[in-house]
Amino acid sequence: MSQTSDQTPDQTNGLSTLPSAGEEGDTRRPRADSLPGRRLDLVVAGVLVAGTTAVLLATAPAQGVHRDEAYYMKAGEQYATYYEHALTGKLDAPLARESIARYWSYNSEHPPLMKLLYGLSWRLFHRCDCAEERDLHPGVARLERGRHRTLAFLSETSAFRLPTMVLFGLLGALVYLFFVEAFGSRVGAAAAALLTIAQPRAFFHASTASFDLPAATWWFATSYAYWRALEGGKLRALATGLLYGLFLSTKLQSFFLPFALGGHWLFLAMSRRRQKLGWPTPAPLIAMVVVGPLVFAALWPHLWHDTVRRLGGYLAFHWKHVHYNFEYLGHNFNRPPYPWHEPLGMLVTTAPVILLALALAGTALLGAASRLEQQQQQQRQRQRQRRRQTGDKLSRATWLLILLGVLVPMAPFFFGRTPIFGETKHWLATMPHLAILAGIAVALVGKRLAVELSPRPVVGCLMGVALAGVTAAPAVVETMRSHPYALSHYNALVGGAPGGAELGMNRQFWGYAIAGLLPWMNANLPPNTKLYLHDCNHDAFEMYRREHLIRPDIVDAGMEEPGVRASQAALVIHEKHFNKYEYMIWNAYGHVRPAAVLVLDGAPLVTLYLRDDTFGAGNLR
Amino acid sequence: MRRVLSWRGCLAACLLVTLSALEVYCTCRARSSAPTDGDWRAAAALIAQEFQPGDLIVFVPQWSDQVGRKWLGSLMSLDDVARMDDAGYQRTWEVVAAVTDSSSAGRLRNRGQGRVVREQQLGRIRVRLRENPGREVLWQLHANAPVQEVGYEPHRCVRLPDLGAGSAPARLGFPGVSFGTELVVYAGLADFRTRRENYGRAAIRVLVDETEVARATLDNESGWLGLPPVPTTPGEHHLAIEAEPVPSSSGQPARLAVCVAAEARR
């Protein structure tokens, strides 16, 4: 492809960085904005999606089923069955109030999209023995005989979780594509994508059938679409609206995105007015307001009747949400006011340190990043001129969009009155934006190293890979070593899980960690043991039974003190406010000696007591 | 024109590599610092060999307690783990799991009362035996009481009837208690759920032969609160412990679960 004499120097190869103005570029390597370059980027994005999904499929089976996940799996099975029964004629009057209520009234406090996807994925991919275990399935979804026709290559749990895994891979891919499009640096893009994926707690959530990780993906996807739509194009605006509708249909974090995008748009409008320029196109925001709710309503049959009342019920549930217990700096909080710095404290103690350090550096270097973006935009404009396309040529204040993406998801928790459940999951959308800031720092380091002036493309490519690899290495190590108990992970600043315990930070939540004790229990519990499950809820326990991970003769002893008194074995999942349950067990069993303790780097996660205190000791990990 | 590598670029790259390597090292070290099963087995064998009835075993840091009790729990009773305080024990085994933080290490050195008479490093565990003159316990209010959660800690204690707003004082009376030279009383608000749902304060009074000898105010943050020790005259006395709600300025009703323990010591 030829260059015209008034062009700024070309952007160079995909794994190097931009040259400064006045420097020669290497025309042998695909430019980030050229067609071969774009194809390369799409291939990389595809690899990110496929690779992330594959890694998650391989590692997720070790991770237990958490409380909420079990509810969403159950709901998903029902919602998918609704469509199956409706489409196969097994459901009379599928649009009737009673028909919908039978399938959709369960778990109506959360929107349906991800649950439906979990159910559809389960329906397509699970290995089926549903008729044999019909009593473990929700009533409306029970299979009386035979088997579901499925592709049968996943366990039930993995089949349910697959959509979240794919969305996590998609998040990494979108971060990569956004970075290349905005800043033109594939090194920075690769680093940002890897740092998005290699985060212990995000990786945990990506291995679950729950909504917070998908919410982060939809936040980023909608923001990216909005950013692209600012250059014009009805289809881009429509895409923004559609994606926002999917976000609304996922979880209530969606209510906060308009603050970020609206604030960004207002800033753009004001800065253009100061320059006596035209307004930025409002089309994407209009599409969000118009198309988003339509998608939301279309996807949620529960709202098709008594719409106003049920929508009000959904909103009221979250407006008046209960306050949970969580431990922070040695204190158990369960009512407001909460410390305003809790989200920052959790961020600083749980995110990989390299991500935090590079994000800080990237923030400080946003000015330099804006110059990269300007160069990239000029290239795109020349590309459009060659293709005779029109579009908004003006700055999109990308730096502000990124900063808003960091702050707005966290913002509700700075006021000290918002219920906090556990840890970072409600503001996971912050993390890819931090990764982008980190990628900016990496891109500029690469630029400083003059990678693009390497005499041979291969050397430049290898140096870019090395740079991205060095950046991602500690995050990957932390993610691997924390799995599958990443909700107990704390970073190197704190000293890992033991450091978190020492600081008095939230040990865990959601009751999933008992999965680590299932093999021990299967091997050692006496026949027909009544097991007190503590914070592992009954639905999660039933999923373990469906997956044949727990012996069928081990049964749920019940809840609270009656459950402890009826039990022969009792679990305690360690969170500060749960200490009373351990003492309940001591009172009932008359001794204080655990049979087994599951630890992460020496910090206890789950303890198992046997009423009959007569066996050998030994840690599990 | 070929450009010489920028020194700033090299410096930034070196910092990046250093930070990356350091973080990997610290992450791996967190796991390698944890005591192994072999360390625990050796510590348990040592203590079991030299253990005497009446010895107390404690674990440092306290959050390693479950792991410690798995290895040494057969030498520990409910009375030990749910004790009122350490004063009744003449010998205390401190089992100190390795920590990486120097400030924690500093706290560990000052952990217990009494002089160290034996100390041994076993892998990543340090076992320390302290001896203390101790106190002879003549009478316990809370003997055989169920273990309650008070301030997220286990304590055998006796729950007074729950106090509500405007309710009459709750009272426990014990005639003919054999006192020694000292009366020690602890109190707290039991059960985190009750504390969460009720925010209030309770006034505690200790009366010997109907004369007030100690008082304290409990609230949700007090935890397990020790009242000032009371010097007593040996012999039989009447002991009473009273609790009543402190009126709240908000006027909100509160249900307070006051739990008390007491020992007469010599």
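Throughout what follows, the structure given in this document is the object of discussion. (Residues numbered from 1 in each chain as written. Chains lettered and ligands numbered in written order. Predicted model: local features only at pLDDT ≥ 70, side-chain atom pairs only at ≥ 80, totals over all residues. Heavy atoms only, no water.)

### Overview of the packing of aromatic side chains
Residues and elements named next belong to chain A. Per the stated rule, a full pass over the model turns up 32 aromatic pairs over all chains. Centre to centre, the rings of Trp122 and Phe160 are 5.6 Å apart; their planes meet at 5°, and the pair counts as stacked. With Trp122 in helix α4 (residues 113-125) and Phe160 in helix α5 (residues 156-183), this pair connects stretches of sequence that are 38 residues apart. A relative accessible area of 1% places Trp122 in the buried class. (Phe/Tyr/Trp six-rings, centres within 6.5 Å; stacked < 30°, edge-to-face > 60°. Helix = DSSP H or I, 4+ residues; strand = E, 2+ residues; numbered from the N terminus. Buried < 20%, exposed > 50% of the residue type's maximum accessible area, 1.4 Å probe, protein only.)

### Observations concerning empty space enclosed by the protein
All names here are of chain A. Enumeration over the complete set of coordinates arrives at 3 cavities of 30 Å³ or more. What the largest cavity holds in volume is close to 70 Å³. Every residue lining the largest cavity is listed: Gln199, Pro200, Arg201, Ala202, Thr350, Ala351, Pro352, Thr424, Leu428 and Met431. Considering each element in turn, the lining of the largest cavity owes the most residues, 3 residues, to helix α7 (residues 200-206). Across the lining of the largest cavity, the residue classes tally to 6 nonpolar, 3 polar and 1 charged. (1 Å grid on protein atoms, 1.4 Å probe; cavity = no way out; pocket = protein on both sides within 12 Å on 5 of 7 lines; lining within 4 Å. Points joined across faces, edges and corners; volume = space filled by probe spheres on them. Nonpolar A, V, L, I, M, F, W, Y, C, P; charged D, E, K, R; others polar.)

### Concerning α5(A)
All names here are of chain A. Between its first and last C-alpha, α5 extends 41 Å over 28 residues, near the 40 Å set by a 1.5 Å rise per residue. At Leu162, α5 is deflected by roughly 45°, the largest bend along its length, and proline Pro163 occurs up to four residues later in sequence. Positioned one or two residues after α5, Gly184 has a phi angle of 75°, which is positive. (Expected span 1.5 Å × (residues − 1). Bend = angle between axes of the 7 residues up to and from the residue.)

### Structural notes on the sheet that holds strand β4 (residues 125-131) of chain B
All names here are of chain B. Strand order in this open sheet of 4 strands is β1-β2-β4-β3, and the pairing throughout is mixed. This sheet does not close on itself; its edge strands, each paired only once, are β1 (56-60) and β3 (115-122). The mean inter-strand angle of the sheet, taken between neighbouring strand axes irrespective of direction, is 20°. Relative to β4, β3 runs antiparallel, the two sharing 7 bridges. Along β4, the bridge assignment pairs Arg118 with Leu129. Sheet strands touched by helix α2 (residues 37-50): β1, β2 (91-97), β3 and β4. Its angle to β3, the strand with the most contacts, is close to 145°. Along the sheet, helix α3 (residues 65-72) makes contact with β1 and β2, crossing β1 at roughly 140°. (Pairing = 2+ DSSP bridges. Axes fitted to C-alpha atoms, helices over the stretch in contact; angles between N-to-C directions. Contact = heavy atoms within 4.5 Å.)

### Observations concerning the sheet that holds strand β4 (residues 555-556) of chain A
Strands sit in the order β4-β3-β5-β7-β6 (chain A) across an open sheet of 5 strands; the sheet is mixed. Two strands in the sheet have a free side with no partner beyond their single neighbour: β4 and β6 (596-600) of chain A. Sitting on the sheet, α3(B) is in contact with β6 and β7 (603-610) of chain A, with an inclination near 145° to β6(A).

### Regarding the state of the cysteines
Residues and elements named next belong to chain B. Throughout the structure, instances matching the rule amount to 1 disulfide over all chains. Between Cys157 and Cys259 runs a disulfide, and the two sulfur atoms are separated by 2.0 Å. Taking the torsion about the S-S bond as the criterion, the Cys157 to Cys259 disulfide, at about 100°, is right-handed. Here Cys259 lies in strand β16 (residues 258-265) and Cys157 lies in the loop between β7 (153-156) and β8 (158-159), a separation of 102 residues in the sequence. (Disulfide = S-S within 2.5 Å.)

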